[in-house]
Amino acid sequence: MIVVIISVAGAFRKGKSFLLNFFLEYLYNLHKSQQSDSSLEWLTDDCQLHGFHWRAGVKRDTVGIWLWGEPIMIESVTGEMFAVLLMDTQGTFDNNSTYQQCMTVFALSTIVSSVQIYNVVDNIQEDALQHLSLFVEYGRMAMEQPHNFGKPFQQLVFCVRDFKNQEEYEFGENGGTDFLDNILQTNPEQPEEIKAVRELLREYFEDIQCYLLPHPGYKVAERQSFRGHVKDLRPLFREELKKMVPNLLGPHNLKPKIVNGKTVTCRKMIQYFKEYAASFDGETLPQPQSILNANAKLICIEAAHEAKVNYCRGMDRSTYGTRMMSEKKLLEAHIKHGITALNIYDKCPKIGSKEVRSLLLEKLQEDINAELERYKRLNEAKRVTGCASAMLACGDSVFLGIGLGSAASGAIAGAVLTLQAGVVSLGIVAIPISLTTLFFIWAYVWTKPCFEKITNKNK
């Protein structure tokens, strides 16, 4: 199942969890309308928001990174089913977190998401742009690799809450686009670092958008008694949400998560989370090279898995059958399919450090050798079952096979005993009986498949 990850990040106590609950409301109603083939209705007067916990006040409410407890299945316009996951993140720069912890949460959520919504209030300040400098540096390194997969990041959306300059910029996407263009302008007086972030941000994100939202209303922002009732929202805020949310999460606009040029499934996303989280597991922020190496490891892991599967399929074909193979032929098959597997691994894009590729190549070779030992054991087991297989080949049941085998064995044993006892005439008679019995067994085994084919055709 292809996965879509929507993340919201930004300063603490600025309404990120509150915003995510509108996303939940829209996605669940969209799923319901698709299942029942009915029109979509959401944010009605009787609606009450539920989902991610939020509260008014100055104390932080979300710690770390949280994912909604279940994927929401949405059918895209192409007919594909997407598993949509919503991600809530700890607010940056509260009174309980270090700069490194805040940046780790922000960076990790940006890397693993297909859409990162950067939640800011009133304006896009300079520090908000500086938080993106790590991604600019990583993007530069990723694009300089011998093999790159295009822009390393997908979609960045600035959501400017409680925007006050409506006379200059209108609410919504159109005003947001003009506002963002103005913010990202450069001039000769700016320091090089500030200019670099502005100039290169669009180079490393596939899409950058901006939405300007009005204040949600006094009942929502300044009263502890707000319980999520949509009727208490300011009408203008409600209307702008009904425009913004479908533009981001509608079936026409959902963006599946892409890593290294490939869409990501839910199963693979678990591995990606682990690798990216490991690169941030330290006392300091990771260098862009560390993030690049984590990405390189993901590519190598996928290539190694494909190579191992190809090896096992080839060995399954080579060892198919009930008869035991000679050790020489088994090793020849192992060498043939092992070389094919190593060639598959070698063709994976070469990015990051050589050490990452070497370590996973060693692991692949160990896995292939372990599989060879398994095939040796399976082949050895065929030695034990060889006699039983031969008897079964003589008839439809083991009893018929035993009967025919016993008849042949008895005739031969009788010929030997009569000759040893000196009864030559009986021995001479027993020999043709033995040969005739063996001939009928051979004829039965050889002609049975032919009769089965003729019977099946007649049917």
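The structure presented is a predicted model; accordingly, all values stated were derived computationally and were not measured. (Residues numbered from 1 in each chain as written. Predicted model: local features only at pLDDT ≥ 70, side-chain atom pairs only at ≥ 80, totals over all residues. Heavy atoms only, no water.)

Q: What should I look at first to understand helix 8 (residues 235-249) in this one?
A: Within an α-helix, residues lying three or four positions from one another point in the same direction, as the helix has 3.6 residues per turn. Under the 1.5 Å per step criterion, the end-to-end length of helix 8 is 21 Å for 15 residues, consistent within 8% with the ideal 21 Å. Buried within helix 8 are the following residues: Phe 237, Arg 238, Glu 240, Leu 241, Met 244, Val 245, Leu 248 and Leu 249. Tucked into the core, helix 8 has its buried residues touching strand 1 (2-10), helix 1 (16-36), strand 5 (115-121), strand 6 (153-161) and strand 7 (205-212). (Helix = DSSP H or I, 4+ residues; strand = E, 2+ residues; numbered from the N terminus. Expected span 1.5 Å × (residues − 1). Buried < 20%, exposed > 50% of the residue type's maximum accessible area, 1.4 Å probe, protein only. Contact = heavy atoms within 4.5 Å.)

Q: Would you mind going over the packing of aromatic side chains with me for this structure?
A: This model, assessed by the stated rule, comprises 11 aromatic pairs. Here the aromatic rings of Phe 153 and Phe 205 are separated by 5.1 Å at their centres, their planes lie at 25°, and the arrangement is stacked. In this pair, Phe 153 sits in strand 6 while Phe 205 sits in strand 7, placing the two residues 52 residues apart along the sequence. Ring-pair connections join several aromatic residues into one group, and the members of that group are Phe 18, Phe 22 and Phe 237. The ring of Tyr 375 has Arg 374 lying over it, and the distance from NZ or CZ to the ring centre is 4.6 Å. (Phe/Tyr/Trp six-rings, centres within 6.5 Å; stacked < 30°, edge-to-face > 60°. Lys NZ or Arg CZ within 6 Å of the ring centre and 35° of its normal.)

Q: What's the story with the nonpolar core in this structure? I'm lost.
A: It is characteristic of soluble globular proteins that their nonpolar side chains tend to be buried jointly. Formed by 43 residues in total, the largest nonpolar core has its most connected members in Ile 124, Phe 158, Phe 179 and Tyr 276. Ranked by residues supplied to this core, first place goes to helix 2 (residues 99-112) with five residues. Beyond its immediate stretch of four places on either side in the chain, Phe 179 contacts Asn 123, Ile 124, Val 160, Phe 163, Tyr 169, Cys 210 and Leu 212. If you look at the next biggest cluster of nonpolar residues, it comprises 40 residues, including Ile 6, Val 84, Leu 213 and Leu 248. (Core = buried A, V, L, I, M, F, W, Y, C linked by side-chain atoms within 4.5 Å.)

Q: What is the right way to look at the environment of Arg 383 in this model?
A: Mapped onto the elements, Arg 383 comes out in helix 12 (residues 354-384). Residue class for Arg 383 comes out exposed when judged on its relative accessible area of 51%. Between the alpha carbons of Arg 383 and Met 324 there is a distance of 5.9 Å; along the sequence they are 59 residues apart.

Q: Honestly, the side chain of Asn 293 in this entry has me stumped. Any pointers?
A: Structurally, Asn 293 can be placed in helix 10 (residues 288-318). In contact with Asn 293, other than residues within four places in its own chain, are Gly 352, Ser 353 and Val 356.

Q: I would appreciate a short explanation of the environment of Met 1 in the present structure.
A: Assignment of secondary structure puts Met 1 in the segment before strand 1. Apart from residues lying up to four places away in sequence, Met 1 is in contact with Met 73, Met 81, Phe 82, Ala 83, Val 264, Thr 265 and Cys 266.

Q: Can you walk me through unusual backbone geometry in this structure?
A: Excluding glycine, residues mostly have negative phi values, and the peptide bonds linking residues are mostly trans. Although it is not a glycine, Leu 43 adopts a positive phi angle of roughly 55°. For Leu 43, the position within the fold is in the loop between helix 1 and strand 2 (65-67). Looking at Leu 43, the relative accessible area reads 1%, which means it is buried. In this model, Asp 162 sits at a positive phi of 55°, which is unusual for a non-glycine residue. Within the fold, Asp 162 resides in the loop between strand 6 and helix 5 (173-183).

Q: How do you make sense of empty space enclosed by the protein when you look at a structure like this?
A: Over the atoms, a rolling probe the size of a water molecule traces out where space has been left empty. Applying the stated criterion to the full structure yields one cavity of 30 Å³ or more. Its boundaries defined by the atoms lining it, the largest cavity holds a volume of some 70 Å³. For the largest cavity, the full set of lining residues is Thr 110, Ile 111, Ser 113, Ser 114, Val 115, Gln 116, Pro 152, Phe 153, Gln 154, Gln 155, Phe 205 and Lys 257. Elements represented by at least two residues in the lining of the largest cavity include exactly helix 2, strand 5 and strand 6. Residue classes in the lining of the largest cavity are distributed as five nonpolar, six polar and one charged. (1 Å grid on protein atoms, 1.4 Å probe; cavity = no way out; pocket = protein on both sides within 12 Å on 5 of 7 lines; lining within 4 Å. Points joined across faces, edges and corners; volume = space filled by probe spheres on them. Nonpolar A, V, L, I, M, F, W, Y, C, P; charged D, E, K, R; others polar.)

Interpretation in functional terms is not warranted from these geometric data alone.
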